[in-house]
Every structure is written in structure tokens, then in C-alpha cells.
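Spelled out, the chains give:
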Amino acid sequence: MTSPASPASPASPATPATGAAGTTVAAAGAVAPAATSATSATSVAAVPLTPIFIRLKLSLLRNGLKGSSKRKAAYFSSLAFALLVGFFLTLGLALLHGNAHAGTVVVLLAGILALSWAFMPLFFPTGDETLDPSRLVMLPLRPRPLVRALFASSLVGIGPLFTLCLAAGSVIAVARGAAGAVAAVVAAPLLLLGCVALARAVATANVRLLTSRKGRDLALLSGLLIAVGGQLVNFGSQRLFEAGGLSTLEPAEAVVRWLPPATAIGMVDSVSEGAYGVAAAQLALTLAALAGLLWFWERSLTKLMVTPDGSTIAAARPMKQRGGVGLWSLLPAGRTGAAVQRTLRYVVRDPKTKASWVTALAIGLIVPVFNALQGTGSVYLATFGAGMLGMQMYNQFGQDTSAFWMVAQTISGPRDAYVELRARAAALALVTVPYTILVTVVTAALIGNWSALPAATGVSLALLGSMLCTGALASARFPYSIPSDGAFKNVVPGQAGLAWAGIFGGLLASTVICAPVIALTIWLNVADHQDVSWIVLPLGVAWGALATWAGLRLAAPTVARKLPEILWAVSKG
């Protein structure tokens, strides 16, 4: 029998011989870790988080630029571009000082700026994910200090700097007199703080949005609404050059000046006009909205930190096995059929890939159709749809993330790499070619210019083939990582400039590649040879196919040679 003094018995609560002594020992053993944990939590909570988070943000940005000259060039070129554009926009807004419509312009600009901060980071790769709050769940941090720290760190970056430039130009445009100057000093930072708080509150509240199928569909619908809204803004700006000019925007400005954070700019305009009571109300509304956004952000952050991830719950459910039946059975056997099916399944199932495709499909149709309905369109605007879908070829391996190693281990040489790239391009072509033809036909029908249909279709297919060419080359030479745990971020921190530079560089190179087809089309129209413009259609098809083949052939050796580098680049998320 084991004695009460035996070392095997004190820790066993099921041994009757331990008695009160065992209970006392166990209690003493439990109190010590609890006290230590409480002391640690208190000491961590007492540490000022704001300077730590700002230093952490700067360190993450600095370290993200190490070891990659291309990433440094992309980041600093983006910074220089933002500063240059911000300078000229600030100068242009400042030159509006004294103009009768200056208040209308800057108030509406502030409203558009706030909408951009709220929604654009959710669907485009310009957001900041260096301090994702979901990664801080295990740390003993209280929500309110965490909100302050995250808020301060969000003010560091290119976006806030650009916004501050626009805010400064806006207040200079409407500030008059000493009272207006004082109001301007208050309004510019309030506009920036309101935009950042709005962005953080919306992003935190929707951070779990894409973890469920219904949430993903809702996000796609939001992307469509943004696309439609952007086009409405575009068409509205065209109306400014018609009779009435900026005066037609005054009813909208009268409403927007009472919507925070645009109320900060409206407050400066009201002070300059001597309406101090109205200005006080607008200032109070701005401060109340900022406080409300911070409170909502804190509540959303608390909920995020204490609730389980829906994606983990969904992953625990048993998955149904599905075989290659139906339309999948029509695909060829081997690597080609498997790669085509994998690419198309990404479009249907992966939230980010689906969002990118739906946005491209929507905008590619909206731009030519809306312009046709406005009476300002052209059949050749259908090339916009081909360009939007052609961009889906860029960063092909980034959507695989770290799972690219499974593809990499099946590539033993340039031939395997060529077949892999060819299959991915074929999957895109299965959707993009019929879609491009459909958009061109619809645009021609709305405009009533059927004679230009063959030439417009040929140019669109030539551009599509050129973008498949440059997309394959960019995927091989400039891969970047797509974060797997960020619902709305498409590029890891520090690589946004690289992604945008690759996209715009690819668009420029694609235009150069299909320039002969474009030049021939222009010449046929200028020389009044529309009766033979149908020749552009077979020429565009052949040109696009040749460009695609050449791009795949040139990219395949690079992919086979740089498999480890590509895997390393796409696995950072």
C-alpha cells in the first residue's frame, strides 16, 4: 500500500490518504502559478503599447525590405509616386482658394476619400496587415489600450501621408481669415483620424466575413457595388463638363458636408463664411463620429479576440468526396487536365481568387456597357474586359501559397513547367475568350455599330493573348505572396508596390506586344477601309495565340530553374 508520505500520492486527487494535507499542497501549488500569471498580466498591461506598436510597425516595414532590391525599388517608387501626386493634388486644391465652388469640390473629395478608406482596402492589395489583431489573441492585452496602439500604428505609412496631403490642400482651399486658419489646423488631422478609424472599424468588423460561404458571397456583392459605384462617379464627373458645371454638384455637397468625416472640411468652410453655430455643430458631429467609430472598433476587436474562427469550425466538419464527373470528365488526362481543374476550382472555392474574378468580370462589362448607354461609348471599349481578365494570369503561383511545393515537386524540367503554365493559361482562356466575345457583341448591339465588331473582337483577343504572355513571364520572374490569414488582403506587407508595379508594367508591355494589331486597326479606320476591317479578327486571334505561346515558352525555363525561389516568395503569407 502506498503511504501518505509517498511521492506518488500528493499529486493524485483520487488517493484518499492525501486528506487535508494533500488539498493544501495542491492549493498552494495552484496559487503560485495563478499569482505569477496575474502579476505577469498586470505588468504587461502596464506597459505603454502605443510606442511599442509604432516601433513594431516600422521594424516590420524595414525588415520587409531587407534582402530584396526589387521590393525596395517597388516600395520607394510607390512612396515617390504618392508624394509626387500628393504634392500636385495639394497644389491644385490650394489654387482653388477663393473659387466660388471650392467648398463643393473639397467636401465631396473628403467624402470620396472616406469611402475609399472604408472599402477599398477590403478588395484591393493596398491594405496594412503588419499588426493583425487576430495574431495577438494569446497576449494579455486589454482592448482599449490595444485600440489606441493599433490606431497610432495605422497612421504610419504611405496611405495616411497621402491622405494628409489631400486634407491639407482641402482646408487651404476653403480657409479664409484667422478663424478659418485655426479651424483648418483642427480639421486636417480630424479628417485623417476619421478616415483611419473608419477603415479600421470596418476591417475589424468584417475580418471573419470570408470564413463562411455566405460571407464570401456577400463580400463579392460588395465588390460589385463598389465597381458600380466607381463607374457612377466616373459618369458623374463627365457631367461636370456639361452645362452648369460644378453647380450641379451643390445639392450633393449640401448633404455630404453633414456626413463625417467630411464634416471636418465643412466646418472650415462654415467658419470662413461666419456661420459659427453651423461650424460648431459640424465639429461636434465630427468628434462624436470619431468617438463612435473607436467604440465600435473596440467592441468588434473584443468580439474578434474572444470568439473562435469560423474557418476552423468549418474545417473540422467531414468533407464529401467528389470525383471527376460531369464537365470535368471532358478535360484531357494527365497534368493538363488536373491543372485546368485545379485552377477553375480555385476560382469557385478560394475567396480571394473568386473576389478577383467577379470584380474583373463585373468591371469588364460595366465600363463598355455604361459608356454605350451614356452615348459616349465605342465598340473598342470591349477591350477593357479582356484587359481585366488578362490580369488574372499574373502571379499564378501566388494563389497556391505554400502549397506550391506540391506543384514544384512534380516539375523536373522546362517541359513540365511549360505544360503547367499552358494548363493554367488554358483554364483562363476557357472563361475569358467567350466572355470577351460576349462583351464585344453586347457593346456593338447597344451602340449599333456592327461593322466594327470583327475588328474590335480581334483587338480584344490580341490584347488577351499578350496579357497571358506577360502574365506568365511576371509569374515566373516576379512572384509575391498572398496572405492566407487575412480575409481581405491580397499582398503581404511590403510587397504592395511590387504587385502594382507588376500589373501596370504588364499592361504597358502587353500594349506594346499587340501594338501592330492596334496600329492596323487605326489605319483601316483612318484610311476609310472599314470594308476590309474584318481581317483584324483572324489576325488578332493568330497574334494572341502566338503571343501566348511565346510567353509560355520563355517563362517555362525560368520557372523550372527558380522553383525554390518561387516557393520561398509565395510562402511568406
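For the structure itself, consult the block above.
Presented here is an overview of the structure given in this document.

This paragraph deals with the overall build of the protein chain. A tally of helices and strands in the protein chain yields 22 helices and 0 strands. Counting across all 573 residues of the protein chain, residues that qualify as buried make up 42%. Of the contacts made within the protein chain by residues no fewer than 6 positions apart, 81% connect residues no fewer than 24 positions apart. Total accessible area on the protein chain stands at roughly 28100 Å², and carbon and sulfur atoms take up 71% of it.

Take a nonpolar patch on the surface next. Where nonpolar side chains cluster on the molecular surface, the patch consists of Leu84, Phe87, Phe88, Leu91 and Leu95 and spans about 550 Å² of accessible area. On the secondary structure map, Phe87 appears in helix H3 (residues 69-94).

With that settled, the discussion passes to the packing of helix H21 (residues 536-561) against helix H22 (residues 563-570). It is at 5 Å that the axes of H21 and H22 come closest, and there the two elements cross at 80°. Considering their axes alone, H21 and H22 lie roughly perpendicular with respect to each other. Contacts from Val559, Ala560 and Arg561 of H21 reach H22 at Leu563, Pro564, Glu565 and Ile566. Taken together, the residues of the contact of H21 with H22 sort by class into 5 nonpolar, no polar and 2 charged.

Another aspect to go through is the packing of aromatic side chains. The tally for this structure, following the rule as stated, stands at 4 aromatic pairs. With a centroid separation of 5.4 Å and 75° between ring planes, the pair formed by Phe87 and Phe88 is classed as edge-to-face. Measuring from ring centre to ring centre gives 4.9 Å for Phe397 and Phe404, while their planes differ by 50°; the resulting arrangement is tilted. For Phe397, a relative accessible area of 1% translates into the label buried. One residue, Arg553, lies across the ring of Tyr418, its end atom 4.0 Å from the ring centre.

Moving on, we come to the side chain of Ser154. Examined against the element boundaries, Ser154 turns out to sit in helix H5 (residues 143-154). Ser154 has contacts with Pro160, Val196 and Arg200, leaving out every residue within four places of it along the chain.

Calculation notes
Residues numbered from 1 in each chain as written. Predicted model: local features only at pLDDT ≥ 70, side-chain atom pairs only at ≥ 80, totals over all residues. Heavy atoms only, no water. Helix = DSSP H or I, 4+ residues; strand = E, 2+ residues; numbered from the N terminus. Buried < 20%, exposed > 50% of the residue type's maximum accessible area, 1.4 Å probe, protein only. Contact = heavy atoms within 4.5 Å. Areas by Shrake-Rupley, 256 points an atom, 1.4 Å probe, with all protein chains shown as cover. Patch = residues over 30% accessible without salt bridge, like charges linked within 9 Å, V, L, I, M, F, W, Y side chains within 5 Å. Salt bridge = Lys/Arg side-chain N within 4 Å of Asp/Glu carboxyl O. Axes fitted to C-alpha atoms, helices over the stretch in contact; angles between N-to-C directions. Parallel < 35°, antiparallel > 145°, perpendicular 65-115°, else oblique. Nonpolar A, V, L, I, M, F, W, Y, C, P; charged D, E, K, R; others polar. Phe/Tyr/Trp six-rings, centres within 6.5 Å; stacked < 30°, edge-to-face > 60°. Lys NZ or Arg CZ within 6 Å of the ring centre and 35° of its normal.

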